[in-house]
Amino acid sequence: MADIRVERAHTLGKEAALAAALRVAERMKEKAQVNYRVVGDAIEFERTGAKGRLTVAADRVVAEVTLGLLLRPMRGLVEGKIEDYFQRYFAG
């Protein structure tokens, strides 16, 4: 079960939302050394101490993240960053 689950409705449509999700993944790669891969309508990501998935639909995006023991105290910070990215990339 995921430690963090963030869901946001959007009006971008599926293709634009997938492009936005890729921008989020690239930002995570730059800022947090996250590796990712696209699997269908989702982006799976992983780094030391965390792994997760961004799932994109025509009207919503969902992030689910499982944190390792050392990152669990930072849950609020990680969740806040995801919320910020969703606000920035999926608004509109």
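Here goes a summary of the coordinates provided. (Residues numbered from 1 in each chain as written. Predicted model: local features only at pLDDT ≥ 70, side-chain atom pairs only at ≥ 80, totals over all residues. Heavy atoms only, no water.)

Once that is clear, we can look at the packing of helix α1 (residues 14–32) against helix α2 (residues 75–90). Interhelical geometry of α1 versus α2 gives an angle of 140° and a closest axis separation of 10 Å. By the criterion of interaxial angle, the relationship of α1 to α2 is oblique. Crossing of α1 over α2 shows right-handed handedness. On α2, the residues touching A17, A20, A21, R23, V24, R27, M28 and K31 of α1 are Y85, R88, Y89 and F90. A breakdown of the residues in the contact of α1 with α2 according to their chemical character gives eight nonpolar, no polar and four charged. (Axes fitted to C-alpha atoms, helices over the stretch in contact; angles between N-to-C directions. Helix = DSSP H or I, 4+ residues; strand = E, 2+ residues; numbered from the N terminus. Parallel < 35°, antiparallel > 145°, perpendicular 65-115°, else oblique. Left-handed = near helix turned anticlockwise from the far one by under 90°. Contact = heavy atoms within 4.5 Å. Nonpolar A, V, L, I, M, F, W, Y, C, P; charged D, E, K, R; others polar.)

The next subject is the environment of D59. Locating D59 in the fold gives a position in the loop between β4 (50–56) and β5 (60–67). When near neighbours in sequence (up to four residues on either side) are disregarded, D59 contacts R8, A9 and H10.

The next subject is α1. Each full turn of the α-helix corresponds to 3.6 residues, which orients residues three or four apart in the same direction. Taking 1.5 Å of rise per residue, the 19 residues of α1 would be expected to cover 27 Å, and the 26 Å separating its terminal C-alpha atoms lies within 8% of that figure. Three or more residues of α1 are buried, namely A17, A20, A21, V24, A25 and M28. The buried residues of α1 occupy an angular sector of 150° when projected down its axis, which confines them to one face. Along α1, the residues that are exposed and aim more than 90 degrees away from the buried face are E15 and E30. Buried residues belonging to α1 abut β2 (35–39), β3 (42–47), β4 and α2. Where α1 ends, the next residue or the one after it, Q33, has phi of about 55°, a positive value. (Expected span 1.5 Å × (residues − 1). Buried < 20%, exposed > 50% of the residue type's maximum accessible area, 1.4 Å probe, protein only. Arc of directions from axis to C-beta.)

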